[in-house]
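Descriptive structure summary
Listed here are the chains, written in short residue letters.
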Amino acid sequence: NLAKFEVKPEVLKLIPPELAKKFSVIPIQSNKGTIVVAIVDPTAMVLDDIKFATKLAVEPVLTNYNAFDAAMQKYYGGMASAAHAAEIYKEKAKK
């Protein structure tokens, strides 16, 4: 259960909020070159992308959408929203 985990700030920094939202993953642990991520869709082809972005081996664990949404709010809170807002602003500025 994702709600039982208390993710350390240094683990959260391994996957920035915009990537966590894009890949629908929450990093929950990191140990000896491996990052454990909670993922909502086991068929999503994002593990290689996460491995590339973090330079760590990736171990996925399954979570449900409600737990994922709660964890995103708890750990990334306004950061994910701020990153999304910045993307929208940049797109509008180009026009």
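Calculation rules
- Residues numbered from 1 in each chain as written.
- Predicted model: local features only at pLDDT ≥ 70, side-chain atom pairs only at ≥ 80, totals over all residues.
- Heavy atoms only, no water.
- Helix = DSSP H or I, 4+ residues; strand = E, 2+ residues; numbered from the N terminus.
- Buried < 20%, exposed > 50% of the residue type's maximum accessible area, 1.4 Å probe, protein only.
- Contact = heavy atoms within 4.5 Å.
- Areas by Shrake-Rupley, 256 points an atom, 1.4 Å probe, with all protein chains shown as cover.
- Core = buried A, V, L, I, M, F, W, Y, C linked by side-chain atoms within 4.5 Å.
- Pairing = 2+ DSSP bridges.
- Right-handed = clockwise from strand over helix to strand, strands pointing away.
- pLDDT = per-residue confidence, 0-100.

Turning next to the overall build of the chain. What the chain contains, in helices and strands, is four helices and three strands. The secondary structure elements of the chain, listed N-terminal to C-terminal, are α-α-β-β-α-β-α. A burial count over the chain gives 35% of its 95 residues as buried. Long-range contacts, defined as pairs at least 24 residues apart, comprise 49% of the intrachain contacts of the chain with a sequence gap of at least 6. Counting every atom, the chain has about 6,400 Å² of accessible surface; 57% of that belongs to carbon and sulfur.

The next thing to look at is the nonpolar core. Formed by 26 residues in total, the largest nonpolar core has its most connected members in I15, V25, I26, I28, I50 and Y76. Of all elements in the fold, only helix 1 (9-12), helix 2 (17-23), strand 1 (25-31), strand 2 (34-39) and helix 4 (65-94) reach the threshold of two or more residues within this core. The leading source of residues in this core is helix 4, at six residues. The residues contacting Y76, other than those within four sequence positions of it, are L12, I15, P16, P17, A20, I26, P27 and A71.

It is worth spelling out the environment of T34 at this point. Mapped onto the secondary structure, T34 falls in strand 2. Residue class for T34 comes out partly exposed when judged on its relative accessible area of 24%. In the structure, T34 is positioned 20 residues away from T54 in sequence and 9.5 Å away in space, judged by C-alpha atoms. Other than its neighbours up to four places away in sequence, T34 contacts Q29, L56, A57 and E59.

All right, on to the pairing of strand 3 (residues 57-62) then. Summarising the sheet, strand 2 and strand 3 pair through six bridges and their orientation is parallel. For V36, the partnering residue across the bridge sits in strand 3 and is E59.

This brings us to the pairing of strand 2. Most of strand 2 is tucked away: five of the six residues are buried. With six bridges connecting them, strand 1 and strand 2 associate as antiparallel partners. Bridging from a neighbouring strand, S30 pairs with I35 of strand 2. Hairpin connection from strand 1 to strand 2: two residues lie between these consecutive antiparallel strands, with K32 at a positive phi of about 50°. This β-α-β element, strand 2 to helix 3 (residues 47-54) to strand 3, shows right-handed connectivity.

A separate point is the confidence of the model for the chain. Residue-level pLDDT values for the chain average 82, and 83% of them are 70 or greater. Averaged over each element, pLDDT in the chain is lowest for helix 4 (69) and highest for strand 2 (94).

With that out of the way, let us pick up the side chain of T63. You can see T63 is positioned in the loop between strand 3 and helix 4. Here T63 falls in the buried class, since its relative accessible area comes to 12%. Those residues in contact with T63 that sit more than four places away from it in its chain are L2, A38, I39, V40 and F68.

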